[in-house]
Amino acid sequence: MSSLAEIDHAKQAVRQHVWDLLERENAAPAGVHGHIPDFVGKDAAADRLAALDAWKAARVIKCNPDRAQLPVRVRALQDGKLLYLAVPRLAAPKPFYLLDPATLDAPFDIAATSAGAPEVAPTVGPDEMQPIDLIVCGSVAISRRDGVRIGKGAGYADLEAALLADAGLATADTVIATTIHQGQLLDEALPHAGHDFPVDLAVTPHEVLSFPPRRKALSGIVAPHLRPDQLDQIPALSNPAHRAGMPST
């Protein structure tokens with residue numbers, strides 16, 4: 001079994017490959033390295049996602065704050081859906097913004113940004129949130145084989161999903177989707193760890209990939225996989241249960 005360090009090293013090689021590819025093909029702005037790619041065609045991918053039954057059935061959506069998924073967030077508000085957006089780095093006691101299109105007094109394309117949300121949206125904790133029907137996440141790479149996802153490496157998407165799972169807000173019935181550029185779809189199996197989640201749907205400007213349903217609920221917080229800096233900087237992880245199993249220092 002590979003160690004977490006070995007898995008992380010293998011993931012970084014995949015990220016580097018995808019970032020290089022997207023820049024070389026002018027499929028994302030220069031300087032994409034280290035980020036969720038703000039890919040060419042993101043509006044078309046959001047439109048394709050919004051045409052799916054999983055989107056139409058969703059009343060409550062949680063989405064990442066990256067530029068690549070801004071069209072998804074705007075579309076969610078336009079369609080009258082309740083939208084949760086994570087506070088950057090989860091660095092607040094209540095780590096999610098609540099964007100309710102019925103009460104927002106700012107343009108949706110402003111309110112749904114990481115700069116606009118703090119000005120117009122209240123923050124909420126998991127105990128104040130409604131169950132999540134659809135999670136939309138940003139990705140660097142997705143495997144065509146099984147929907148295994150690699151993010152940018154900071155680990156926040158996994159932590160956000162884990163917090164929601166621990167609160168009973170994200171379950172086996174919660175659909176997980178991502179919007180990506182065609183170049184971010186890879187044919188090979190991708191490295192992953194126990195705390196990583198796969199996606200159910202990968203949507204590009206040109207196609208939709210649907211993967212077999214997950215056979216179990218999302219993993220909650222995996223204490224041994226937490227870094228000390230995460231425990232120190234993310235108030236939502238102050239729960240003693242999240243510290244159980246942490247290696248002693």
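The present account deals with the structure reproduced in this document.

Cut-offs applied
- Residues numbered from 1 in each chain as written.
- Predicted model: local features only at pLDDT ≥ 70, side-chain atom pairs only at ≥ 80, totals over all residues.
- Heavy atoms only, no water.
- Pairing = 2+ DSSP bridges.
- Helix = DSSP H or I, 4+ residues; strand = E, 2+ residues; numbered from the N terminus.
- Contact = heavy atoms within 4.5 Å.
- Axes fitted to C-alpha atoms, helices over the stretch in contact; angles between N-to-C directions.
- Salt bridge = Lys/Arg side-chain N within 4 Å of Asp/Glu carboxyl O.
- Buried < 20%, exposed > 50% of the residue type's maximum accessible area, 1.4 Å probe, protein only.
- Right-handed = clockwise from strand over helix to strand, strands pointing away.

**Topic: the sheet that holds strand β1 (residues 60-63)**
Strand order in this open sheet of 8 strands is β4-β3-β2-β1-β5-β8-β10-β11, and the pairing throughout is mixed. The two strands at the open ends of the sheet, each matched to only one other strand, are β4 (123-124) and β11 (208-210). Bridge analysis of strand β8 (residues 175-179) against strand β10 (residues 201-203) gives 3 bridges, and the strand direction is parallel. Counterpart to Ala-177 in the pairing with β10 is Leu-201. Lying on the sheet, helix α2 (residues 42-50) is in contact with β5 (134-137), β8, β10 and β11; it crosses β8 at an angle near 155°.

**Considering the sheet that holds strand β7 (residues 149-150)**
Strand order in the open sheet formed by 3 strands is β7-β6-β9, with mixed pairing between adjacent strands. Lying at the two open borders of the sheet, with one neighbouring strand each, are β7 and β9 (185-186). As judged from the 2 bridges shared by strand β6 (residues 141-143) and β7, these two strands associate in the antiparallel manner. Looking across to β7, one finds that Ala-141 is bridged to Ile-150.

**Let's talk about the pattern of salt bridges**
According to the stated counting rule, one finds 8 salt bridges in the structure shown. The shortest N-O distance in the salt bridge between Asp-79 and Arg-75 comes to 3.2 Å. Using a relative accessible area of 26% as the deciding quantity, one classes Arg-75 as partly exposed. A salt bridge links Glu-207 to Arg-144, with the shortest nitrogen-to-oxygen separation between them at 2.8 Å. Of this pair, Glu-207 sits in the loop between β10 and β11 while Arg-144 is found in the loop between β6 and β7, placing the two residues 63 residues apart along the sequence. By relative accessible area, which is 22% here, Glu-207 ends up partly exposed.

**Describing the environment of His-17**
Topologically, His-17 is positioned in helix α1 (residues 4-24). Residue His-17 is classed as partly exposed on the basis of its relative accessible area, which comes to 41%. Counting along the chain gives 124 residues from His-17 to Ala-141, while the straight-line C-alpha distance between them is 9.5 Å.

**A look at the pairing of strand β2 (residues 82-86)**
In terms of residue burial, β2 counts as a mostly covered element, since 5 of its 5 residues are buried. When β1 meets β2, the two strands line up parallel, connected through 4 bridges. Along β2, the bridge assignment pairs Lys-62 with Tyr-84. Crossover handedness for the path β1 to helix α4 (residues 70-78) to β2: right-handed. In terms of strand pairing, β2 meets strand β3 (residues 96-99) through 4 bridges, oriented antiparallel.

**Quick word on unusual backbone geometry**
Phi at Asn-26 is positive, roughly 55°, even though this residue is not glycine. Secondary-structure assignment places Asn-26 in the loop between α1 and α2. Positive phi values are uncommon outside glycine, yet Leu-90 reaches one of about 55°. Accessibility expressed as a relative area gives 1% for Leu-90, which makes it buried.

These results come straight from atomic positions and should not be treated as a statement about function.
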